[in-house]
Amino acid sequence: MSTVTTNGITLDLDDIQAGALYERPSPYVGVYLLLRIRDRADGRDLVRRLHRLANPAGSADTPDNTSITVAFTYHGLKALGVPQESLDSFVPEFREGMAARAAILGDTGESSPEHWEEPLGSSDVHVAVVVLSSDAAQLREAAEKARQAHAQLPGIDLIWRQDCYQLATGRTSFGFKDGIGQPSVEGTGRPSMNPRQQPLKAGEIILGYPDETGELPPMPTPDVLGRNGTYVVFRKLHTKVAAYRSYLRAKAADRADEDLLGAKMVGRWQSGAPLALAPETDDPELGADPRRNNDFTFADDPRGFKCPVGSHARRANPRDALDEDGSVDVRLHRMIRRGTSYGPILPDDVTEDDGADRGIIFVFAGAHLKRQFEFVKTQWLNDGIFIGAPLESDPLVGARQDPGSFTIAQRPIRRRLQDMPPFVITRGGEYCFAPSLSALRWLAELDT
Amino acid sequence: MTTQDDGAATQPGLMVGPTSEFSLFFRVKPDQGQSLRAALLDLQNTPGYRPGDYGMAIKTIHEARFVLFDEDTRLAFITSFDGPWDAYMEDFFTSGPTIALFDLIFQHVEGYEGLPDVAAVKAFVLGAEQTAAAYARNYGGTVKEIRKAQRVADAFQQVLDHPQAAEALEHPALQPLLDEAAD
Ligand code: HEM
């Protein structure tokens, strides 16, 4: 049995799905599948087959790092016949589903559920299967296994499929390297990427272990269903790359200034080099160095001269920037992110929209939908109350109906970008639960 | 047992702009009125709570008061702070200095089990919350914005004290400042 003990916490890695805990080495290719269960018996058969394919976090990686992760929506668990008492024991956000939370999350206007891609946000979405591999042939093989798992079952429909990838550079559609800032978790045996931050308590990410408050996260019942599971959020986010580039071009003095403005919006240069360590110019070596590119805090830059207080990465993880406030415990609002890209990359320099759909499939894993995903999205990205700028939202990903502004601290006078349109549109998404392997077995064996 | 629709539970505290009101009401333990008064006096004398200090441990609170009433048999805690209360609830209960301070006061009120059981403290505080029936504010802005505004206003007064201020403010770009310079 493979377990790792740190600070007295022993994580049952053989029972936890690998997808929740471990990053896939880039580059990789992948596919997201959404399934609908029309027949309960077939649904359970499906879960039995998927259980055989899902990878525990404790198993050795295959050479091509192929992995399959399985998660369910509330409606999916219901379709499988999970008893009502147990359904009721899930947190309310999960039971409601992402579409019902749209007004809270800022998914309004163009991003509102009535414009979402079908069938996202509907009660037809029951099972999500994610297959990732560093090798296209292996992906096809694994995806074929997943396909067989459902295609032989007449009571199961494949209702959505999304191909995705991660480039070797780690860069996503806006041109920035993504997936750098990531908390390490006690008991996973993986070293911290940020030497300045203690690993998070396991219960921040996996149910059944104490979290940062010292309590067990609220866990659905029975125990076998909840323990070693985690909530997973996925969102298909369309990125308006041409609009973003034209906006920067219009506001910037020259090409170097365009790069600088982009970096100020994100908090990192395109290479991934953090502004906190490389405030003036990009430093690709720093960006590529995992030992250094996360080794910083904001305490020496309270006003944001290096990294604006309103930049995306500083909002999404303020590190020590809010410690003086006495009202926020940043460690309660961390998350594991597993984003991948979809759609063709817009060639460099193109500022005309080519009409193609491109963006990221944002994926969150964590034990607390509300105080992790929803908190970060609503309080830190969509709002600016916490930085004393209630009218500013995240320049890159903030939900805004009206054009927004973004303040860049600099001497002698601050720079303010005005009339900033939204650059990210929500195409849909779901709140899911990725159960443990023993819970998958339990689900397959239900006899309700 | 949680039920299907408690996700729609109304959020505690009304908001005006970025700011929420938050009020807690407690019953004082029998014969503890006097010791509670003494504890509050101690609180009043701690740095940050001394009148004129303007330095409370929670930097996002506009003001806070403890009120003993009904012949010291009841206690109210009333405050306004920036952001929606329920989003910050967990933070409040895990951020050390505040909860330790409250611990000293809550000891004198009924139903308080004490630290370190954070979950019990949370349930206790939530049980004491009453949302206002009416709430208004006379200025907008977060504490952070108001502090910045005060610094800017002080700086402006310093500029006006400069012998060449009138001349310096002649530039057309400074017209909005000149409009504020006459009184
Ligand atoms: C299309 C939408 C988005 C894009 C293009 C995007 C892009 C990025 C980039 C380029 C970074 C910096 C690299 C890194 O640290 O990994 C980053 C960091 C981050 N983003 Fe996003 N992001 C998006 C949406 C979101 C959303 C919706 C959330 C959360 C609700 C989020 C949370 C984070 C977090 C937590 C970090 C890490 C910050 C740190 O630890 O320093 N992002 N994102």
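Residues numbered from 1 in each chain as written. Chains lettered and ligands numbered in written order. Predicted model: local features only at pLDDT ≥ 70, side-chain atom pairs only at ≥ 80, totals over all residues. Heavy atoms only, no water.

A. Quick look at the packing of helix 2 (residues 40-53) of chain A against helix 7 (residues 136-151) of chain A. Residues and elements named next belong to chain A. For the pair helix 2 and helix 7, the least separation of the axes is 9 Å and the interaxial angle reads 165°. Accordingly, the angle class assigned to the pair helix 2 and helix 7 is roughly antiparallel. For the pair helix 2 and helix 7, the crossing hand works out as right-handed. Here L46, R49, L50 and L53 of helix 2 lie close against helix 7, whose contacting residues are K145, A146, Q148, A149 and H150. In the contact of helix 2 with helix 7, the residues fall into five nonpolar, two polar and two charged. (Axes fitted to C-alpha atoms, helices over the stretch in contact; angles between N-to-C directions. Helix = DSSP H or I, 4+ residues; strand = E, 2+ residues; numbered from the N terminus. Parallel < 35°, antiparallel > 145°, perpendicular 65-115°, else oblique. Left-handed = near helix turned anticlockwise from the far one by under 90°. Contact = heavy atoms within 4.5 Å. Nonpolar A, V, L, I, M, F, W, Y, C, P; charged D, E, K, R; others polar.)

B. Representation of the coordination of the iron atom of the ligand. A lone protein donor binds the iron atom of the ligand: H312(A) (NE2), at 2.1 Å. Counting through the fold element by element, H312(A) comes out in helix 12 (residues 312-316). (Donors = N, O, S within 2.8 Å, 3.2 Å for Na, K, Ca; no water.)

C. Up close: the confidence of the model for chain B. Residue and element names in this part refer to chain B. Residues at a pLDDT of 70 or more form 92% of chain B, whose mean pLDDT is 88. Across chain B, element-level confidence peaks in helix 5 (residues 143-161) with a mean pLDDT of 97 and bottoms out in helix 3 (residues 96-106) with 80. Below pLDDT 50 for its whole length, residues 1-9 participates in 17 contacts with residues either more than four positions away or in separate chains. Quick note on the complex model: pTM equals 0.95, ipTM equals 0.89. (pLDDT = per-residue confidence, 0-100.)

D. Structural detail: the packing of aromatic side chains. Residue and element names in this part refer to chain A. Scanning all chains against the criterion turns up 32 aromatic pairs over all chains. Taking the centre distance of 5.6 Å and the plane angle of 90° together, the rings of Y244 and F423 count as edge-to-face. Pair noted here: Y244 is in helix 9 (residues 241-251) and F423 is in the loop between strand 12 (415-420) and strand 13 (424-434), with a separation of 179 residues, a long-range link. A cation over a ring is seen here: R314 above F298, with NZ or CZ 4.4 Å from the ring centre. The ring of F296 carries R319 above its face, with NZ or CZ at 3.8 Å from the centroid. (Phe/Tyr/Trp six-rings, centres within 6.5 Å; stacked < 30°, edge-to-face > 60°. Lys NZ or Arg CZ within 6 Å of the ring centre and 35° of its normal.)

E. Quick peek at the pattern of salt bridges. Residue and element names in this part refer to chain A. Scanning all chains against the criterion turns up 36 salt bridges over all chains. Across the salt bridge formed by D178 and R337, the nearest N and O atoms sit 2.9 Å from each other. Taken together, the residues D178 in the loop between strand 6 (156-166) and helix 8 (223-226) and R337 in strand 8 (residues 336-337) connect sequence positions 159 residues apart. The class of R337 is partly exposed, set by a relative accessible area of 21%. The structure contains a network of salt bridges with shared partners spanning R36, R38, D124 and D157. (Salt bridge = Lys/Arg side-chain N within 4 Å of Asp/Glu carboxyl O. Buried < 20%, exposed > 50% of the residue type's maximum accessible area, 1.4 Å probe, protein only.)

F. Main features of the domain arrangement of chain A. Residues and elements named next belong to chain A. Under the domain assignment used here, chain A contains domain 1 (3-193 + 208-225 + 432-444) and domain 2 (238-429). Summarising the inter-unit geometry, the C-alpha centres of domain 1 and domain 2 are found 26 Å apart. In this assembly, 50 residues from domain 1 lie in contact with 58 residues from domain 2. Surface buried jointly by domain 1 and domain 2 totals about 4600 Å² across both partners, of which 54% is contributed by carbon and sulfur atoms. K240 is paired through a salt bridge with E110; the nearest N and O atoms lie 3.2 Å apart. Remark: the boundary between domain 1 and domain 2 carries 22 residue pairs in polar contact (both at pLDDT 80 or more). Among the elements of the structure, helix 1 (18-21), strand 3 (28-37), helix 5 (92-96), helix 6 (102-105) and strand 6 are those that each provide at least two residues to the side of domain 1 that touches domain 2. (Domains from an automatic or database assignment. Buried area = accessible area lost by both parts, 1.4 Å probe. Polar contact = N/O pair within 3.5 Å; in protein donor to acceptor, adjacent residues only side chain to side chain.)

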